[in-house]
Amino acid sequence: MVKRRWCALITLLAVLLVPIAAWGSVVYTVVDDTYASGSMGRVPVSASGVPGTPVKNVVTNLGGDHQVYGFRNEENALRVLLAQYARGQSDTVWIYDARGEYRAPLKEARWRSFSNSRGAAAMGRYLYVVDYDNAKVSKIDTRSDEYGEVSSFAFSGTAGYDVHGEGIVRVGDYLFALFNEVKGDWSSLEYADGKVVKLDGDLNVMATANVGKNALSIKAYNGMLYVVGNGGMQKGGDFNPDSMIQRVHPNTLAVETLLKASDASAAALPDAWGYDFRDLAFAANGDVYVFAGAYDATWSQFDSRIFKTTLQGLAAGNVGEVYRDPSGPGFTWRMEYDNVDGILWFAAGTRLMAYKGAESWEFGPAALGGNFYSFVVVDAPVNPAPGDSGGGCNSAGFPAFFLLALLPLLCVRAKGGRN
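All of the points below concern the structure found in this document.

Cut-offs and rules
Residues numbered from 1 in each chain as written. Predicted model: local features only at pLDDT ≥ 70, side-chain atom pairs only at ≥ 80, totals over all residues. Heavy atoms only, no water. Buried < 20%, exposed > 50% of the residue type's maximum accessible area, 1.4 Å probe, protein only. Helix = DSSP H or I, 4+ residues; strand = E, 2+ residues; numbered from the N terminus. Phe/Tyr/Trp six-rings, centres within 6.5 Å; stacked < 30°, edge-to-face > 60°. Lys NZ or Arg CZ within 6 Å of the ring centre and 35° of its normal.

Focus: unusual backbone geometry
The backbone of Tyr 147 sits at a positive phi, close to 60°, despite the residue not being glycine. A residue is classified by how much of its surface remains accessible, and Tyr 147, at 2% relative accessible area, is buried. Phi is positive for Leu 203, close to 65°, though the residue is something other than glycine. Mapped onto the fold, Leu 203 is located in the loop between β15 (193-199) and β16 (205-213). What makes Leu 203 buried here is its relative accessible area of 7%.

Description of the packing of aromatic side chains
Per the counting criterion, the structure on display carries 23 aromatic pairs. Plain terms: the ring middles of Trp 273 and Tyr 275 are 5.2 Å apart, the flat faces sit at 90° to each other, and that makes the pair edge-to-face. Relative accessible area serves as the criterion here: at 10%, Trp 273 is assigned to the buried category. Within the aromatic cluster, the residues linked to one another by ring pairs are Phe 291, Tyr 295, Trp 299, Phe 302, Trp 333 and Phe 346. In this structure, Lys 198 is placed above the aromatic ring of Tyr 174, and the distance from its NZ or CZ to the ring centre is 4.4 Å. Across from the ring centre of Tyr 323, 4.5 Å away, lies the NZ or CZ of Arg 324, which sits over that ring.

From the geometry alone we can't say anything about function, so treat these as descriptive.
Right under this line is the structure:
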């Protein structure tokens, strides 16, 4: 009888452990209609890879401008960084255990002159963050979740231009930070070429490359860098012919233009091409998702499309076929592919979208607790630590599989034993 009870208990534990360990999620932030206050929430993902009902207001009383990022610390634990911005001040940074309940941060920090965050990349013991206001990369020590600033690098840029950080990624033992240079007022902005700066772990500059103007996104995939540029100032009711997608070789920083808006066309469009390139996302099977769009003349509607192509197609200048039409109002437009669950997550203005093959899910302000603002795929951080596959934390893990493997032996022995 005792052995039978042990068998039943182990069976129950194994069943319970698998879905708990396999439960992934997306962490997001929202703002109110006045962009004065916000909150953070979660979208759980089941073991079968299906997005669930958003859990809103997990963290409340935020300001109106915040970003979230995912990374692994030195001990390889998943963490979520929430950066809150207030003009003229260093960001208030909260670090959370990505597997916790987010009741309280593990650490609150402020890093010197780190203001208006634009990206985070982990490399071994250190986290590297880039900001917009000061065009600065800060090196942060993650050991024992301390998160103290070790050193920093400030990009000086071209005389006469304001410089801004836009993103950072890691390839191998190097970091690649993206910067923009611009001058003029909001009615007439003039952009110089964007810059990709290669840095070592001590933030020494190894090399610099020129890329497209008003570069918005830098992604790393399959050992290469991909930069998406808006081509200059956004145009309400029109697009920039110089908007482009470029590939940068991390060793040489040689730049290759793959797609340019002036040359682009795609099947199944209702009319001629009229979009700026905005972002890319990569699936492990070689599928590539290209996002392009432009505002109408009133700036109230973002007309856009997500295209689906391949790495080979992208290299050949083929934007592919129309995959989705996420057009709508709002100001946040970007996407990330979760290779763990096979979901394309998309920031669609005021909404958060999820696409998986022919299936789709839409979470609007009512479901999210406010107008969508930022998100991170917790199980598949964009810049995982060395040795990490980019996900791997929504698998069942050793303990559950170990129990499942033991079940046949334990239960057979219990069946043949004494009562």
